[in-house]
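Coordinates in review
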Amino acid sequence: MTRVRLENVSKRFGKAVALEGVDLEICAGELFFLLGPSGCGKSTLLRLIAGLQEPSGGRIWFNEEDVTGLATQQRNAVMCFQSYALWPHMTVRGNVKFGLGVRGFGREEQSRRVDEVLRLVQMEGLAERRPNQLSGGQQQRVALARALAVRPRCLLLDEPLSNLDAKLRQEMRSEIRRICKTGQFTTIYVTHDQKEALSVADRIGLLRDGKLIQVGTPGELYHGPKTSWVADFIGHTNLLKGRVVGRCGEGVRVETGIGVIVAKGTVDRGQGSAGAEAVVVSVRPEQMRVVRGTEKAGRNRVSGRVVESTFLGEASEHVVEVNGERLRVICTPPMFGVDGEMVVEFDAEDVVVLSE
Ligand code: ATP
């Protein structure tokens, strides 16, 4: 298994800076996601790790080996593209075998490896079909099998599910995880889809404008974002500007447009600092509860007017206006016929205080 380490990696295209000062360590056997908005540098970083492009600065290590100057084949990193790039005139078996022939493996070893990876991706029954006789999901499995057959030190996936419909995408998410974990491949997966990253990744690296902003498990990024941009990018959130106005037993009191909010602060998460400093408070829409009784007052309890309701299937989303601020509230199971006033509350543990 291979550990991948990037040391102060940068990439410029002429005067344009695509990546700047990226330091990152990806553990052996880890399923690591690079996530970020369009143009943030995800694919460039993947291409640098693959050896398809050279960094303008910095070094790339596979375990203790400096691979910065090595070509793709020498470093044995394999990239799977969005388009699958399967040979249309070859069968599934022929496609998977192709790279092994090029690399000079004997016939017996080729057959053994092809059988092994087709079993892994559950395509052994369709080995004699051609790509145009396969569904999108099956083609994706063949592309994965072809990449895995050469036993890469590092598997690189660039938006591998973007050509599939929503249902198949969801199915393939867990399939990719199963395949990578069963084979213990170090995998780096590029996407701009937060849900895909949150549901599949061991850890996620979040890129913005060529810089690595935060690295962590899905839970760490979701519940402990370091900035309001991260909080908003990783699932939607309610962001409220405020000022720390004091402490209470277990946390801080923050004055915001919807009133004083109590946040359970921990020093680790950068919370709990004293003084009237400007902060941003983040509360997730799904962490707000609708209060059905008549009691409107209470800690972290606010009352407002519902200005918009959307049925989402398994949940409903409501926009509640409180003192001119708009809060998004998600109710599971969905609420229908919500009109007029709504009282919502949230726990101090679910409030994240970020420096502005
Ligand atoms: P997307 O999600 O849209 O694919 P991305 O995060 O993968 O985006 P990159 O393709 O890595 O982004 O591009 C990062 C930046 O580098 C962009 O501003 C892009 O225009 C620029 N860039 C990428 N490749 C080249 C190139 N060959 N020449 C010049 N600029 C480039």
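Remember, predicted model here, so these are calculated numbers, not experimental data. (Residues numbered from 1 in each chain as written. Predicted model: local features only at pLDDT ≥ 70, side-chain atom pairs only at ≥ 80, totals over all residues. Heavy atoms only, no water.)

1. Notes on the overall build of the protein chain
Here is the rule: By the criteria applied, helices consist of DSSP H or I runs no shorter than four residues and strands consist of E runs no shorter than two, each listed in order from the N terminus. Residue exposure (1.4 Å probe, protein chains only): buried if accessible area is under 20% of the type maximum, exposed if over 50%, otherwise partly exposed. Contact criterion: two residues are considered in contact whenever any of their non-hydrogen atoms come within 4.5 Å of each other. Here the positive residues are Lys and Arg and the negative ones are Asp and Glu; neither His nor the chain ends is included. Every charge is mapped onto a representative atom, which is NZ of Lys, CZ of Arg, CG of Asp or CD of Glu.
If you tally the helices and strands in the protein chain, you get nine helices and 20 strands. In terms of its C-alpha atoms, the protein chain occupies a principal-axis envelope of roughly 75 × 45 × 35 Å. Each of the 356 residues in the protein chain was classed as buried or not, and the buried ones make up 48%. A fraction of 65% describes how many contacts in the protein chain between residues 6 or more apart in sequence connect residues 24 or more apart. In the protein chain, 48 side chains carry a positive charge and 44 a negative one; their mean positions are 5 Å apart.

2. Some points on the packing of helix α5 (residues 136-149) against helix α6 (residues 166-183)
Cut-off, in case you're wondering: Between the N-to-C directions of two axes lies an angle of 0 to 180 degrees, each axis being a line fitted to C-alpha atoms and, for a helix, fitted only over the stretch in contact. The scheme is simple: roughly parallel for angles under 35 degrees, roughly antiparallel for over 145, roughly perpendicular for 65 to 115, oblique for anything else. Each crossing is labelled by how the near helix is turned from the far one, with a counterclockwise turn of less than a right angle marking it left-handed and a clockwise turn marking it right-handed. Each residue is assigned to one of three groups, with Ala, Val, Leu, Ile, Met, Phe, Trp, Tyr, Cys and Pro labelled nonpolar, Asp, Glu, Lys and Arg labelled charged, and all others, Gly among them, labelled polar.
Between α5 and α6, the shortest axis-to-axis distance is 11 Å and the interhelical angle comes to 20 degrees. When the axis of α5 is compared with that of α6, the two are roughly parallel. The two elements α5 and α6 meet at a crossing, and its hand is right-handed. Seen from α5, the contacting residues are G136, G137, Q140, R141, L144 and L148; seen from α6, they are L168, M172, E175, I176 and I179. For the contact of α5 with α6, the residue count by class is six nonpolar, three polar and two charged.

3. Thoughts on the site of the ligand
Selection rule: Nearness here has a simple test: a residue counts as near a molecule or strand if at least one of its heavy atoms is within 4 Å of that partner. Polar contacts here mean pairs of N or O atoms no more than 3.5 Å apart (in protein, one a potential hydrogen donor and the other a potential acceptor; neighbouring residues in sequence count only if both atoms are side-chain atoms). Every accessible area reported is derived by Shrake-Rupley at a probe size of 1.4 Å, with residue values counting cover from the shown protein chains alone.
Taken together, the residues surrounding the ligand are F13, A18, P37, S38, G39, C40, G41, K42, S43, T44 and R47. At 2.8 Å, a side-chain N or O of S43 approaches an oxygen atom of the ligand. Here an oxygen atom of the ligand and a side-chain polar atom of T44 are 2.5 Å apart. Taking 630 Å² as the accessible area of the ligand by itself, protein coverage stands at 57%.

4. A closer look at the pairing of strand β8 (residues 187-191)
Here is the rule: Two strands are said to pair when DSSP picks up at least two bridges between them. With its strands directed away from the observer, a crossover is right-handed exactly when the path from the first strand over the helix to the second travels clockwise.
Here β8 lies mainly inside the structure; five of its five residues are buried. Alternating positions in β8 separate into two faces, T187, Y189 and T191 on one and I188 and V190 on the other, with burial throughout. Bridge count for strand β3 (residues 31-35) against β8 is five bridges, and the pairing is parallel. Opposite L35, over in β8, you have T191 as the bridge partner. With four bridges joining them, strand β7 (residues 154-158) and β8 adopt parallel strand pairing. Bridged to L156 within β8 is I188. The parallel pair β7 and β8, bridged by α6, forms a crossover whose chirality is right-handed.

5. Focus on the pairing of strand β4 (residues 57-62)
Along any regular strand, the residues point their side chains to alternate faces of the sheet. The pairing of strand β1 (residues 4-13) with β4 spans five bridges and is classified as antiparallel. From the neighbouring strand, S10 faces β4, where its bridge partner is G57. Pairing of β4 with strand β5 (residues 65-66), which is carried by two bridges, proceeds in the antiparallel orientation. When the bridges of β5 are listed, F62 appears paired with E65. A loop of two residues connects β4 with β5, the two strands running antiparallel in sequence, and N63 in this loop sits at a positive phi of about 50 degrees.

6. Considering α5
Applied cut-off: Between the first and last residue of a helix there are one fewer steps than residues, each counted as 1.5 Å, and that sum is the expected span.
The end-to-end C-alpha separation of α5 is 20 Å, in line with the 20 Å expected for 14 residues at 1.5 Å each. Judged by how many residues are buried, α5 sits mostly within the fold: twelve of 14 residues are covered. Among the residues of α5, G137, Q139, Q140, R141, V142, A143, L144, A145, R146, A147, L148 and A149 are the ones counted as buried. Among the structural elements, β6 (77-80), α3 (92-102), α4 (107-120), β7 and α6 are those in contact with the buried residues of α5. Positioned one or two residues after α5, R151 has a phi angle of 50 degrees, which is positive.

7. Some words on the environment of E314
Counting through the fold element by element, E314 comes out in the loop between β16 (301-311) and β17 (316-322). For the pair formed by E314 and A77, sequence separation is 237 residues and the distance between their alpha carbons is 41 Å. Aside from chain neighbours lying at most four places away, what touches E314 is T332, P333 and P334.

8. Regarding the state of the cysteines
Which entries qualify depends on this criterion: Here, the term disulfide refers to a pair of cysteine sulfur atoms separated by no more than 2.5 Å.
What the rule picks out here adds up to zero disulfides. No disulfide involves C154; its nearest neighbouring cysteine sulfur is the one of C180, lying 11 Å away.

9. Let's talk about the nonpolar core
Under the convention used in this document: Residues grouped as a nonpolar core are buried Ala, Val, Leu, Ile, Met, Phe, Trp, Tyr and Cys residues, joined through side-chain atoms within 4.5 Å.
Within the largest apolar cluster, 47 residues are counted, with the highest numbers of intra-cluster contacts made by F33, V96 and L118. No other element matches α5, which puts seven residues into this core. In contact with L118, not counting residues within four places along its chain, are V92, V96, M123, E124, A127 and A145.

10. Let's talk about the sheet that holds strand β20 (residues 352-355)
The pairing of strands in a sheet happens through backbone hydrogen bonds and is either parallel or antiparallel. Spatially, five strands are ordered β13-β12-β11-β14-β20 in an open sheet, and the strand pairing comes out antiparallel. Looking at the sheet topology across the chains shown, the edges are occupied by β13 (259-263) and β20. Ignoring which end each strand starts from, the neighbouring axes of this sheet average 45 degrees apart. Two elements, strand β11 (residues 238-248) and strand β12 (residues 251-256), share six bridges in a ladder whose sense is antiparallel. Within the sheet, the bridge partner assigned to C248 lies in β12 and is G251.

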